[in-house]
Amino acid sequence: MDSSGDSTSRASTSHENSNIANDPDVEKSTIDNHENGDFFVPPPETQHSAPAGPDPNAFPDGGFEAWLCIAGGFCTVFSSFGWVNCIGVFQDYYQANQLSSYSSSSVAWIPATESFMLFFFGLVSGRATDNFGPRWPLLFGSVLHVFGLMMVSLSTEYYQIFLAQSVASGIGTSFLFYPTIAAAGTWFKRHRALAFGIMVSGSSLGGVVLPIMVQHLIVDVGFGWAMRITAFLILGLLIFGNIAVKSRLPPVRKPFTFKEHFVPFTEMPFLLLAIGSFIVYLGAFLPFNFIIVQAKEAGMPYDLTNYLVPIINAASIFGRILPAHLGDVYGVFNVCIVFTLFSGIISLALWLPAASTAPIIVFAVLYGFASGLTLAIIPALVASISDIQKLGLRVGTLYAFSSFGVLIGSPIAGAIVTSQNGGYSGLRIFCGVALLAGGAFIGFSRIKLVGPGLLVKK
């Protein structure tokens, strides 16, 4: 036999079979024959379809991994936002020690800039989380935050403290806070406000524990070791946080375009919410920063004034958890508006005329409870009007916009105090009006979403 002829014949037959396999008419005929009882084997690529990824809209709203994420998030928020809540205690210490040659306004830029860094760098950390998931941003933030605190323990000059505490530690806290918010948002929808409230209450507990801890450690072991011990505590919490916090959804990598940070502002509900948050942040942190000096001016005992900020933060723990459940029942916008307006009302009706110990303490408790909800629930508001896979970007964008309110709120309040020759009535009016105006803009955002009906859940 001619082997070359056989080879040519087999190649021709194989080519014909390939053409037949790719002919749709032949494929339809073959399928029809199979339906009539004839045997048909589908092409290999059709036998096994690629497994689908997790459904972005299938929120488990519970389960071990979901609540483990919340527990880890509690630790990262304690270490980041909780630390920023307590940095006001350094104002007096720096003025009396390392930075005694600087004015109080110069020293004030250290805590103000750290707060600004936490919020503003949400633009970067939120985007990084959407592209790479929470793991790498959290690791980067952990290293930078702990490194910054360790360097503060060695710092003696203004620029050293500013770079270590305001810049390094401040940016680190941002990379801890926003990835945690974005990751937790992928696990919950129906109970999202409650889950966020539990997690963000870590900032309140941090605001209670850390200032008292730092003040006592400075007396017992000195400033350097006080900062190192605090850094080691935060490091331990962040190790657990890095293990526990993860997203339910895989990251979606997209090329960076600067304009994408402006796209959310083309949506009127988001724009009104951002304006409302900016105005709220002009006034919301003023009681944290000024209630101690205002209470001293009113004649409150010195030892008691040092516990006013921990009292506010302790009350905000309950404010961030208990009312947050109401957000899941009655709507996050509805509850946020009510508590923001209440914060403004008590600032004008209770804090403004307060001139003795009792009303100041009552205000601290009520304001901590009400403002705790307002500051905790804003990420849930953003999540309710956002694609969950873009939550990191959109939360970071809103907080970056609002960060300028944090940055300029205290200097404006300080200028008001100076113009009144040390009086605090103008500051308290500014605080109350800012909260009322911010609550009104959040209300306008709700109206744009669902209309003016008061009983509509949103």
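Before reading further, recall that the structure is shown in the block above.
Okay, so let's go over this structure.

Reading the values: rules and limits
- Residues numbered from 1 in each chain as written.
- Predicted model: local features only at pLDDT ≥ 70, side-chain atom pairs only at ≥ 80, totals over all residues.
- Heavy atoms only, no water.
- Helix = DSSP H or I, 4+ residues; strand = E, 2+ residues; numbered from the N terminus.
- Buried < 20%, exposed > 50% of the residue type's maximum accessible area, 1.4 Å probe, protein only.
- Contact = heavy atoms within 4.5 Å.
- Areas by Shrake-Rupley, 256 points an atom, 1.4 Å probe, with all protein chains shown as cover.
- Phe/Tyr/Trp six-rings, centres within 6.5 Å; stacked < 30°, edge-to-face > 60°.
- Lys NZ or Arg CZ within 6 Å of the ring centre and 35° of its normal.
- Salt bridge = Lys/Arg side-chain N within 4 Å of Asp/Glu carboxyl O.
- Polar contact = N/O pair within 3.5 Å; in protein donor to acceptor, adjacent residues only side chain to side chain.
- Axes fitted to C-alpha atoms, helices over the stretch in contact; angles between N-to-C directions.
- Parallel < 35°, antiparallel > 145°, perpendicular 65-115°, else oblique.
- Left-handed = near helix turned anticlockwise from the far one by under 90°.
- Nonpolar A, V, L, I, M, F, W, Y, C, P; charged D, E, K, R; others polar.
- Core = buried A, V, L, I, M, F, W, Y, C linked by side-chain atoms within 4.5 Å.
- Patch = residues over 30% accessible without salt bridge, like charges linked within 9 Å, V, L, I, M, F, W, Y side chains within 5 Å.
- Expected span 1.5 Å × (residues − 1).
- Bend = angle between axes of the 7 residues up to and from the residue.

## Brief notes about the overall build of the chain
When its secondary structure is counted, the chain shows 19 helices and zero strands. The buried share among the 458 residues of the chain stands at 51%. Sequence separation of 24 or more characterises 84% of the internal contacts of the chain that already satisfy a separation of 6 or more. Per element, the accessible surface of the chain, about 20000 Å² overall, is 67% carbon and sulfur.

## Some details on the packing of aromatic side chains
Tallying each qualifying case throughout the model produces 33 aromatic pairs. Pairing F81 with F177 gives two aromatic rings, centres 5.2 Å apart and planes at 75°, and the pair type is edge-to-face. In this pair, F81 sits in helix α4 (residues 64-86) while F177 sits in helix α9 (residues 158-185), placing the two residues 96 residues apart along the sequence. Judged by relative accessible area, which is 1%, F177 ranks as buried. Their ring planes at 25° and their centres at 6.2 Å tell us that Y281 and Y399 sit as a pair that is stacked. One end of the pair, Y281, is in helix α12 (residues 268-284); the other, Y399, is in helix α18 (residues 391-419), with 118 residues separating them in the sequence. Judged by its relative accessible area of 1%, Y281 falls in the buried class. Given a relative accessible area of 1%, Y399 falls into the buried group. What links up through ring pairs into an aromatic cluster is the set F81, F119, F177, Y178, Y281, F285, F288, W351, F363, Y367 and Y399. A cation over a ring is seen here: R228 above W225, with NZ or CZ 4.9 Å from the ring centre.

## Topic: the pattern of salt bridges
Tallying each qualifying case throughout the model produces two salt bridges. In this structure, the salt-bridge partner of K246 is E65, at a minimum N-O distance of 2.6 Å. Of the two residues, K246 is situated in the loop between α11 (223-244) and α12 and E65 in helix α4; the sequence distance between them amounts to 181 residues. Close ionic contact of E267 with R394 constitutes a salt bridge, the shortest N to O distance being 2.8 Å.

## Looking at the side chain of S142
In this fold, S142 is placed in helix α8 (residues 135-152). Judged by relative accessible area, S142 falls into the buried class, the value being 8%. Within polar-contact distance, the side chain of S142 engages the side chain of N242 at 2.9 Å.

## Focus: the packing of helix α16 (residues 332-351) against helix α19 (residues 425-450)
With their axes 8 Å apart at the nearest point, α16 and α19 run at an angle of 160° to one another. Classified by the interaxial angle, the pair formed by α16 and α19 is roughly antiparallel. Like other packed secondary-structure pairs, α16 and α19 cross with a definite hand, here left-handed. Along the lines of polarity and charge, the residues of the contact of α16 with α19 split into 15 nonpolar, nine polar and two charged.

## Comments concerning the nonpolar core
The biggest cluster of nonpolar side chains holds 110 residues, and the ones touching the most others in it are W83, Y94, F119, Y281, F285, I291 and L381. In terms of residue count, the dominant contributor to this core is helix α17 (residues 357-384) (14 residues). Each residue touching L381, except ones within four places of it in the same chain, is listed here: L273, V332, F333, C336 and I442.

## Notes on the environment of L398
By the element assignment, L398 lies in helix α18. For L398, a relative accessible area of 0% translates into the label buried. The contact partners of L398, leaving out residues within four places of it in the chain, are F270, L273, A274, S277, I378 and V382.

## With respect to a nonpolar patch on the surface
On the surface, a cluster of nonpolar side chains totalling about 680 Å² of accessible area is made up of V221, W225, I229, F232, L235, I239 and I243. The element that contributes the greatest number of residues to the nonpolar patch is α11, accounting for six residues. Checked against the element boundaries, L235 lands in helix α11. The exposure class assigned to L235 is partly exposed, which follows from its relative accessible area of 33%.

## A word on unusual backbone geometry
For N421, which is not a glycine, the phi torsion comes out positive at approximately 55°. Note on N421: relative accessible area 74%, which makes it exposed.

## A word on the environment of S410
Mapped onto the elements of the fold, S410 is located in helix α18. With 127 residues separating them along the chain, S410 and G283 place their C-alpha atoms 8.2 Å apart. Every residue in contact with S410, bar those within four places of it in the chain, is listed here: L286, N289 and F290.

## Looking at the packing of α18 against α19
The N-to-C vectors of α18 and α19 enclose an angle of 145°; their axes lie 8 Å apart at closest approach. For the crossing formed where α18 meets α19, the hand is right-handed. Together, G409, I412, A413, I416 and V417 of α18 and G426, L427 and F430 of α19 make up the contact between the two elements. Residues of the contact of α18 with α19, tallied by class, amount to six nonpolar, two polar and no charged.

## Considerations on the side chain of T230
If you trace the backbone, T230 turns up in helix α11. In this structure T230 comes out as buried when scored by relative accessible area, which is 0%. Those residues in contact with T230 that sit more than four places away from it in its chain are W83, L210, M213, V214 and L217.

## Some details on helix α10 (residues 192-221)
In a regular helix each residue adds 1.5 Å, so 30 residues correspond to 44 Å; α10 covers 42 Å between its end C-alpha atoms and thus fits that length. Along α10, the sharpest change in direction is near 30° and occurs at G206. Burial within α10 is extensive, with 21 of its 30 residues counted as buried. A positive backbone phi angle near 90° is found at G222, which sits one or two residues after α10.

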